[in-house]
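# Examining the three-dimensional arrangement
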Amino acid sequence: SPRSMERSFHDHVRLLRRKGWLKPGTYAVDGHVIPVPYGRLSEHAGLAGSTRGYMLVTIVGPVPEHARVVGWLLVPYGRSEKKVLRVLLHRLERAVGPLSRWMKVLLLDRGYWGAAYLRDLSRTHRISYVTLARDRELCAVQDADEALLDPATAWTQRTEESEQFGHVHVRLAGVEGIPVATDQRGGRPTPMNFVAADESDSQGRPLREKDGTLRGRIHYATDLPTRE
């Protein structure tokens, strides 16, 4: 049964913990869409737009040492990923104990889910977060970019390897304490830290996507100190 399967998986995670194979560190959350292109009677399949199928949300870690799946939830496609992740974390914590003992940072690559959600996630489970802030129109992102114009901003240079672009030069800087609204009713904002990354090729030229558009600056939102 699904309940028996879930118990067996949590026994597996507890074994990994006892063996010391789940080290404290960074864990990643990812979502995978499993489309069902044929048939309309698939059990509990969801429909959103023209896509029918399922969504699998996983927690993998520690990253990048070993890609061990430590949590997963399969739901009908179209469900809110925010709610699915919240349920997944609560189930995992109830089964194996406080997650903060071994999950120190949660890496969310699904985009920015809002300051209120991230704040509550951090407070509930006592885990720090790092997430992409993909929407450059966010007021907080624009405020962060404006703060980074300060001549005293310390920029760091590094070289990384990208599957798509090869050798990439990255210019990084962080800014802390940017106030971010947590709701639409003028509630008290919460401070958030941002890291901006400018990428270029070996010739110093900005990177371009396959369609020729500029890749642009990448922004990360976090509650971790950016100076580290």
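The paragraphs below set out a description of the structure included in this document.

Calculation criteria
- Going along each chain's sequence as written, the residues are numbered from 1 onward.
- It should be noted that, the model being predicted, local features are given only for residues of pLDDT at least 70 and side-chain atom pairs only at 80 or more, the latter also being counted only at that level, while totals for whole chains, interfaces and linings use all residues.
- The side-chain numbers reported here are obtained from all heavy atoms of the structure, hydrogens and water having been left aside.
- Secondary structure elements are taken from DSSP: a helix is a run of H or I of four residues or more, a strand is a run of E of two residues or more, and numbering for both begins at the N terminus.
- What a helix should span is 1.5 Å times the count of its residues minus one.
- Accessibility here uses a 1.4 Å probe with only protein chains present; expressed as a share of the type maximum, an area under 20% marks a residue as buried, one over 50% as exposed, and anything in between as partly exposed.
- Picture the helix axis, draw a direction to every C-beta atom, and the arc is the one those directions span.
- The rule is simple: put a 1 Å grid over the protein atoms alone, call a set of points where a 1.4 Å probe fits but cannot get out a cavity, call an open set with protein on both sides within 12 Å along at least five of seven lines a pocket, and count a residue as lining if it has an atom within 4 Å of a point.
- Grid points are joined across faces, edges and corners, and a volume is the space filled by probe spheres set on the points.
- Gly falls in the polar group here, along with every residue not listed as nonpolar (Ala, Val, Leu, Ile, Met, Phe, Trp, Tyr, Cys, Pro) or charged (Asp, Glu, Lys, Arg).
- Salt bridges are counted wherever a side-chain nitrogen of Lys or Arg sits within 4 Å of a carboxyl oxygen of Asp or Glu.
- In this analysis, axes come from line fits to C-alpha atoms, helices being fitted only over the stretch in contact, and the angle between any two N-to-C directions falls in the range 0 to 180 degrees.
- In this scheme, a crossing is called left-handed if the near helix is turned counterclockwise away from the far one by less than a right angle; it is called right-handed if the turn is clockwise.
- Any pair of residues with heavy atoms lying within 4.5 Å of one another is described as a contacting pair.
- Each nonpolar core is a collection of buried residues, namely Ala, Val, Leu, Ile, Met, Phe, Trp, Tyr and Cys, held together in the definition by side-chain atoms within 4.5 Å.
- Each angle is binned into one of four classes, with values under 35 degrees roughly parallel, values over 145 roughly antiparallel, values of 65 to 115 roughly perpendicular, and all other values oblique.

A few words now on helix α1 (residues 2-18). Taking 1.5 Å per residue as the helical rise, α1 with its 17 residues ought to reach 24 Å, and the 25 Å between its terminal C-alpha atoms agrees with that figure. Phe9, His10, Val13 and Leu16 are the residues of α1 that are buried. The buried residues of α1 occupy an angular sector of 110 degrees when the element is viewed end-on, so they sit on one face. Turned more than 90 degrees from where α1 packs its buried face, Arg3 and Arg18 sit exposed. Just downstream of α1 lies Gly20, where phi reads positive at about 80 degrees.

Attention shifts here to the layout of surface pockets. In this structure, the largest pocket spans a volume of roughly 1100 Å³. In this structure, the largest pocket is lined by 34 residues; those nearest its centre are Arg158, Leu172, Val195, Tyr220 and Thr226. Elements with a minimum of two residues in the lining of the largest pocket: β1 (25-35), β3 (51-63), β5 (103-108), β6 (128-132), β7 (156-162), β8 (166-180), β9 (190-200) and β10 (218-222). Among the elements that line the lining of the largest pocket, the one with the most residues is β8, at 6 residues. Considered class by class, the residues forming the lining of the largest pocket number 19 nonpolar, 6 polar and 9 charged. Of the volumes computed, that of the second largest pocket is approximately 590 Å³. Along its surface, the second largest pocket is lined by 22 residues, and Pro2, Trp72, Leu73, Leu74 and Arg91 are the ones closest to its centre. Every element with two or more residues in the lining of the second largest pocket is listed here: α1, β4 (68-76) and α2 (81-96).

It is worth spelling out the pattern of salt bridges at this point. In this structure the tally under the stated criterion is 9 salt bridges. For Asp11, the salt bridge is made with Arg14, and the minimal N-O distance between the two is 2.3 Å. Of the two residues, Asp11 and Arg14 both sit in helix α1, 3 residues apart, roughly one turn of that helix. Between Arg171 and Asp198 there is a salt bridge, and its shortest N-O distance comes to 3.3 Å. Separated by 27 residues along the polypeptide, Arg171 in strand β8 and Asp198 in strand β9 bring together distant segments of the chain. By relative accessible area, Arg171 is classed as partly exposed at 31%. It is possible to trace a salt-bridge network through shared partners that takes in Asp145, Arg171, Asp198 and Arg217.

As a further point, take the packing of α1 against α2. The contact between α1 and α2 brings their axes to 10 Å, and the two run at 65 degrees. Our pair here, α1 against α2, has a crossing hand that is right-handed. Of the residues in α2, those touching α1 at Glu6, His10, Val13 and Arg14 are Arg91, Leu92, Ala95 and Val96. Residue classes in the contact of α1 with α2 are distributed as 4 nonpolar, 1 polar and 3 charged.

This brings us to the nonpolar core. Of all hydrophobic cores here, the largest spans 43 residues; its most connected members are Ile59, Leu85, Trp102, Met103, Leu106 and Phe194. For this core, the element with the highest residue contribution is α2, accounting for 6 residues. Look past the residues within four positions of Phe194 in its chain and what remains in contact with it is Ala133, Ala140, Val141, Ala144, Ala173, Gly174, Val175, Ile178, Val180, Tyr220, Ala221 and Thr226.

The next thing to look at is the packing of α2 against helix α3 (residues 115-125). Where α2 contacts α3, the axes come no closer than 12 Å and their chain directions differ by 0 degrees. Relative to α3, α2 is oriented roughly parallel. Contact residues: α2 offers Lys82, Leu85, Arg86, Leu89, His90 and Glu93, while α3 offers Tyr117, Leu121, Thr124 and His125.

What follows is about unusual backbone geometry. Even without being a glycine, Arg126 presents a positive backbone phi close to 55 degrees. By the element assignment, Arg126 lies in the loop between α3 and β6. On the accessibility criterion, Arg126 (68% relative accessible area) is exposed.

Without other data, these values stay purely geometric and don't point to any function.
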